[in-house]
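# Observations on the model geometry
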Amino acid sequence: MRADDLAVQMVKAALAQVPGLDPAEIDDILLGCGLPGGEQGNNMGRVVSVLAGLDSVPGTTITRYCASSLQTTRMAMHAILAGEGEVYISAGVETVSRYGRGSADETPGISVTNPKFDAAMTRTLKRSSAKAASWSDPRYVDVLPDVYIKMGQTAENVQQLLGITRAEQDEYAVRSQQLAAEAKARGFWDRDITPVQLNDGSIVAQDDSPRPGTTLDGVGALVPVFRPDGTVTAGNSCPLSDGAAALVIMSSMKAKDLGLTPLARIVATSVTGLSPEIMGLGPVSASQQVLKQAGLSMADMDLIEINEAFAVQVIGSARELGVPYDRLNVNGGAIALGHPFGMTGARITNTLMNGLRERDGTFGLETMCIGGGMGMAMILERLS
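Note that the coordinates shown come from a computational prediction; the quantities given were computed from them, not determined experimentally. (Residues numbered from 1 in each chain as written. Predicted model: local features only at pLDDT ≥ 70, side-chain atom pairs only at ≥ 80, totals over all residues. Heavy atoms only, no water.)

### Details of the overall build of the protein
Going by this rule: In this description a helix means any DSSP run of H or I spanning at least four residues, a strand means any run of E spanning at least two, and both kinds are numbered starting from the N terminus. Throughout, radius of gyration means the C-alpha value; the globule benchmark is 2.2 Å times the number of residues raised to the power 0.38. Buried residues are those whose accessible area, probed at 1.4 Å on protein chains only, stays under 20% of the maximum for their type, while exposed residues exceed 50% and partly exposed ones sit between those limits. Every residue pair with non-hydrogen atoms within 4.5 Å of one another is taken to be in contact. Note that accessible areas follow from Shrake-Rupley with a 1.4 Å probe, and for residues the cover is restricted to the protein chains shown. The positive count covers Lys and Arg only, the negative count covers Asp and Glu only, and His and the chain ends enter neither. Charge positions are represented by NZ for Lys, CZ for Arg, CG for Asp and CD for Glu.
Each helix and strand in the protein was counted, giving 13 helices and ten strands. A globule of 384 residues ought to have a C-alpha radius of gyration of about 21 Å, and the protein, at 20 Å, matches this closely. Along the first, second and third principal axes, the C-alpha atoms of the protein reach 60 × 50 × 45 Å. By the burial criterion, 53% of the 384 residues in the protein qualify as buried. The long-range share in the protein, meaning contacts at least 24 apart out of those at least 6 apart in sequence, stands at 77%. Carbon and sulfur atoms make up 53% of the accessible area of the protein, which amounts to about 16,600 Å² in all. Placing the 31 positive and 42 negative side-chain charges of the protein at their respective mean positions leaves the two points 4 Å apart.

### Things to note about the sheet that holds strand 1 (residues 28-32)
Stated precisely, the cut-off is as follows: Two strands pair under a simple rule: DSSP has to find at least two bridges between them. Lines fitted to C-alpha atoms define the axes, with helix axes restricted to the stretch in contact, and inter-axis angles between N-to-C directions lie between 0 and 180 degrees.
Spatially, the four strands line up as an open sheet ordered 2-1-3-6, and their pairing is mixed. The sheet terminates laterally at strand 2 (59-62) and strand 6 (242-250), the two strands that pair on one side only. Pairwise comparison of adjacent strand axes, ignoring direction, gives a mean angle of 20 degrees for this sheet. Relative to strand 2, strand 1 runs parallel, the two being bridged by four bridges. Each bridged residue has a counterpart across the sheet, and for L30 the counterpart in strand 2 is T60.

### Brief notes about the pattern of salt bridges
Pairing between side chains of opposite charge can happen when the charged atoms of each approach one another. Note the threshold: Any Lys or Arg side-chain nitrogen located within 4 Å of an Asp or Glu carboxyl oxygen qualifies as a salt bridge.
According to the stated counting rule, one finds ten salt bridges in the structure shown. With a closest N to O distance of 3.9 Å, R2 and E39 form a salt bridge. Of the two residues, R2 sits in the segment before helix 1 (3-16) while E39 sits in the loop between strand 1 and helix 2 (44-51), which places them 37 residues apart along the sequence. Of the residues examined, R2 reaches a relative accessible area of 30% and is grouped as partly exposed. The partner of E358 in a salt bridge is R186, with the nearest N and O atoms 2.9 Å apart. Here E358, found in helix 13 (residues 344-359), pairs with R186, found in the loop between helix 6 (166-185) and helix 7 (188-192); they are 172 residues apart in sequence, far enough to count as distant. Residues joined by salt bridges that share partners form a network here, namely R2, D4, E39 and R98.

### Some remarks on the pairing of strand 10 (residues 374-382)
Among the nine residues that make up strand 10, eight are buried, leaving the element largely enclosed by the rest of the structure. Sheet topology note: the strand 7 (residues 264-273)/strand 10 ladder contains nine bridges and is antiparallel. Paired with A268 across the two strands is I379, which belongs to strand 10. Sheet analysis places strand 9 (residues 363-370) next to strand 10, joined by eight bridges and oriented antiparallel. By the bridge assignment, F363 is partnered in strand 10 with E381. Hairpin remark: strand 9 followed by strand 10, antiparallel, with three residues in the connecting loop; positive phi at G372, about 100 degrees.

### Comments concerning the sheet that holds strand 8 (residues 303-306)
Reading across the sheet, the four strands line up as 7-10-9-8 and stay open at both edges, with mixed pairing between neighbours. With partners counted over all chains shown, the strands left at the sheet margins are strand 7 and strand 8, one partner each. Put simply, the sheet's adjacent strands are angled 15 degrees from each other on average, direction ignored. Taken together, the four bridges between strand 8 and strand 9 define a ladder with parallel strand orientation.

### Some details on the packing of aromatic side chains
Condition: Two rings belonging to Phe, Tyr or Trp (six-membered ring only in the last case) form a pair when the distance between their centres is within 6.5 Å. Interplanar angles under 30 degrees mark stacking, angles over 60 mark edge-to-face geometry, and anything in between is tilted.
Using the criterion set out here, one finds four aromatic pairs in the structure. Judged by centre distance (5.0 Å) and plane angle (85 degrees), the rings of F188 and W189 are edge-to-face. The pair F188 / W189 is uniform in exposure class, with both members buried.

### With respect to unusual backbone geometry
Here the phi dihedral of N43 falls at roughly 50 degrees; this positive angle occurs in a residue that is not glycine. Looking at where N43 falls in the secondary structure, it is placed in the loop between strand 1 and helix 2. Residue N43 is classed as partly exposed on the basis of its relative accessible area of 33%. Although it is not a glycine, Y65 adopts a positive phi angle of roughly 50 degrees. Take Y65: it is sitting in the loop between strand 2 and helix 3 (68-81).

This is the structure in structure tokens:
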């Protein structure tokens, strides 16, 4: 189904959880979308507000690629703190299965890339065959980093930089599948998922990405996708997926006026940059920055969610940050669940809140890598 038709169902579902809120009091709908074009163009945020019957509510569409709907949550928080509004919808959507073909990046004579980055692959190959101490080694900064580099190539670069083995990646991928299956069996995802009605009237009530029964032997038999001598496969990467998620963000005073007990409080957020060619390590600097802002440490975090674009970037980021696996993605992650780019930020927020509630935890960290070379993070404090 179309992205806007999917997103509006999640916006309505989120609002249904706050029956005392008059929709006319919503200040804005902020919709994250990783690749807003084609069917996902025409300012979907506004399209969704009209489809939801909220003609008086404005809407905008925001892209920060993988963190688009974490960015919309951050924007809602900033607007509230600035005193410009009290109630916002932070949502995200991506329908990868319906991306348009014959677009500018596939049309002869037309390119979406900048020629200034054409030499960057040479630099990447130099680094891939080198034993540099770090990605910023001055021997390999002779050309611009490639902001358009394929995500799978960035994963292989992280592998080469940190020496993470194929076996480690496959083991982590199997862990994600197993934890997602266990969470489903105990009903965890029933709290996280809202059934979707398709155009033919049928209902989809569960994700189709997870592969229960995934084994290490099965994942280990898959061949590398991005480099002949690489380690990144379809089994230790996230699948291409469709999905939408939505949150209601409001001021504490507004919540009090409505007699509501908020699920969580946004403690702090951060966004940082790094070389696009190792974008998978974005969570490292973003998490360090947000913890410093909040005056907290990793030891204070009861749960940590790192988006699983690739197993290698989760392993690398967790290792650099000192994240213990017994608090990391404890209900599985995007390798099992899927990673619809624009919706992932809001989805992880919801998963983190539900996880904290299940474990009676207080603080949770959400962080992710972002295509183009960025990292983003948010700390939540559970309130109910």
